[in-house]
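What the coordinates show
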Amino acid sequence: MSQSGGTQHTSTSGSTRSGADQSGASETAATIPESRSGGTPARLADDTSQGKTSISSSVVQKIAGIAAREIAGVHSMGGGVSRAFGALRERIPGGSGSSNISGVQVEVGERQAAIDLDIVVEYGAAIVDLARAVRRNVIHSVERMCGLEVTEVNISVNDIHLPSEDEEENGGNGGGSRVQ
């Protein structure tokens, strides 16, 4: 992140997250901070004469994760390592809360949010169409529920889930004998 002359730029993978044009035009104070996910303090979402409404970045993460999983064809969220840690957290008493946001990273500003999703898709799903549907649902859900403008939703497809993987997890023979 660099600051010069009152202009703040946050860059990830060479792109400016603020959604503003990169030609040096001044940006609003609603740029997105560099920090990611749950540990950040709540951000201002609404400021009226009657009071303020703040929404924590962990709330945005949960909404985005739930909205992504609502789309048929999304098998799970997160990469292999984060899914393994998520499965471990589910077995630990009181550890299930953080697994709900596995595979979701957010950057939340005062009025905007940027979201990164890591997903595993079901075999046979049209990945491009699935990504469009996930992106549309996540943007709609976050904007409707939080009142934040979603500047971008980046989706990484890390794996494809095969039906045969379920059979292997259930004992290798699909739960029943192959012969009688």
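Conventions and cut-offs
- Residues numbered from 1 in each chain as written.
- Predicted model: local features only at pLDDT ≥ 70, side-chain atom pairs only at ≥ 80, totals over all residues.
- Heavy atoms only, no water.
- Helix = DSSP H or I, 4+ residues; strand = E, 2+ residues; numbered from the N terminus.
- Buried < 20%, exposed > 50% of the residue type's maximum accessible area, 1.4 Å probe, protein only.
- Contact = heavy atoms within 4.5 Å.
- Areas by Shrake-Rupley, 256 points an atom, 1.4 Å probe, with all protein chains shown as cover.
- Patch = residues over 30% accessible without salt bridge, like charges linked within 9 Å, V, L, I, M, F, W, Y side chains within 5 Å.
- Salt bridge = Lys/Arg side-chain N within 4 Å of Asp/Glu carboxyl O.
- Axes fitted to C-alpha atoms, helices over the stretch in contact; angles between N-to-C directions.
- Parallel < 35°, antiparallel > 145°, perpendicular 65-115°, else oblique.
- Left-handed = near helix turned anticlockwise from the far one by under 90°.
- Nonpolar A, V, L, I, M, F, W, Y, C, P; charged D, E, K, R; others polar.
- Core = buried A, V, L, I, M, F, W, Y, C linked by side-chain atoms within 4.5 Å.
- Polar contact = N/O pair within 3.5 Å; in protein donor to acceptor, adjacent residues only side chain to side chain.
- Pairing = 2+ DSSP bridges.
- Right-handed = clockwise from strand over helix to strand, strands pointing away.
- Expected span 1.5 Å × (residues − 1).
- Arc of directions from axis to C-beta.
- pLDDT = per-residue confidence, 0-100.

The next point concerns the overall build of the chain. Within the chain one finds four helices and 10 strands. Of the regular secondary structure in the chain, the N- to C-terminal order runs β-β-β-β-β-β-α-β-α-β-β-α-β-α. Sorting the 180 residues of the chain into buried and exposed places 36% on the buried side. The long-range fraction of contacts in the chain, counting pairs at least 24 apart against all pairs at least 6 apart in sequence, stands at 64%. If you sum the accessible surface of the chain, you get close to 10500 Å²; carbon and sulfur atoms cover 48% of it.

All right, on to a nonpolar patch on the surface then. A grouping of Tyr123, Ile127, Val157, Ile160 and Leu162 is seen on the molecular surface, where their side chains present a nonpolar patch of about 420 Å² in accessible area. Mapped onto the elements, isoleucine 160 comes out in strand β10 (residues 149-161). Its relative accessible area of 33% is what places isoleucine 160 among the partly exposed residues.

Looking now at the packing of helix α1 (residues 57-69) against helix α3 (residues 127-146). Two numbers describe how α1 lies on α3: the axes approach to 8 Å, and their chain directions differ by 140 degrees. It follows that α1 is oblique to α3 by the angle criterion. Relative to α3, α1 is oriented so that their crossing is right-handed. Residues Val60, Ile63, Ala64, Ala67 and Ala68 of α1 form the contact with α3, whose own contacting residues are Val134, Asn137, Val138, Ser141, Val142, Met145 and Cys146. In terms of residue class, the contact of α1 with α3 is built from 10 nonpolar, two polar and no charged.

It is worth spelling out the nonpolar core at this point. Ranked by internal contacts, the top residues of the largest apolar core, which has 28 residues, are Val60, Ile115, Leu117, Val134, Val138 and Val142. Elements that contribute at least two residues to this core include exactly α1, β7 (74-77), β8 (104-108), β9 (112-122), α3 and β10. At seven residues, the largest contribution of residues to this core is made by α3. Setting aside its immediate chain neighbours within four residues, leucine 117 contacts Ala68, Met77, Gly103, Val104, Val134, Val138, Val153, Asn154, Ile155 and Ser156.

Relative to the elements of secondary structure, glutamate 122 occurs in strand β9. Taking C-alpha positions, glutamate 122 is 6.1 Å from valine 74, a pair spaced 48 residues apart along the chain. The contacts of glutamate 122, once residues within four sequence positions are left out, are Gly73, His75, Ile160 and His161. Within the local environment of glutamate 122, its side chain forms a polar contact with the side chain of histidine 75, the two groups lying 2.8 Å apart.

A few words on the pairing of β10. Where β9 and β10 come together, 11 bridges link them in parallel fashion. Within β10, the position partnered with glutamine 112 by the bridge is glutamate 149. Of the crossover connections in this fold, the one passing from β9 over α3 to the parallel β10 is right-handed.

Before going further, it helps to examine α3. Between its first and last C-alpha, α3 extends 28 Å over 20 residues, near the 28 Å set by a 1.5 Å rise per residue. Looking at α3, one finds that the buried residues are Leu130, Ala131, Ala133, Val134, Asn137, Val138, Ser141, Val142 and Cys146. The arc that holds every buried residue of α3, seen down its axis, measures 165 degrees, which confines them to one face. In α3, the exposed positions angled more than 90 degrees off the buried face are occupied by Val128, Arg136 and Arg144. One or two residues past the end of α3 sits glycine 147, with phi positive at roughly 75 degrees.

Let us look at the confidence of the model for the chain. Summarising the model, the chain shows a mean pLDDT of 73, and 54% of its residues fall at 70 or more. The low-confidence segment residues 1-41 (pLDDT under 50) makes 71 contacts with residues lying over four places distant or belonging to another chain. Ignoring residues within four places in sequence, the model shows residues 96-100, a span with pLDDT below 50, making seven contacts including any to other chains.

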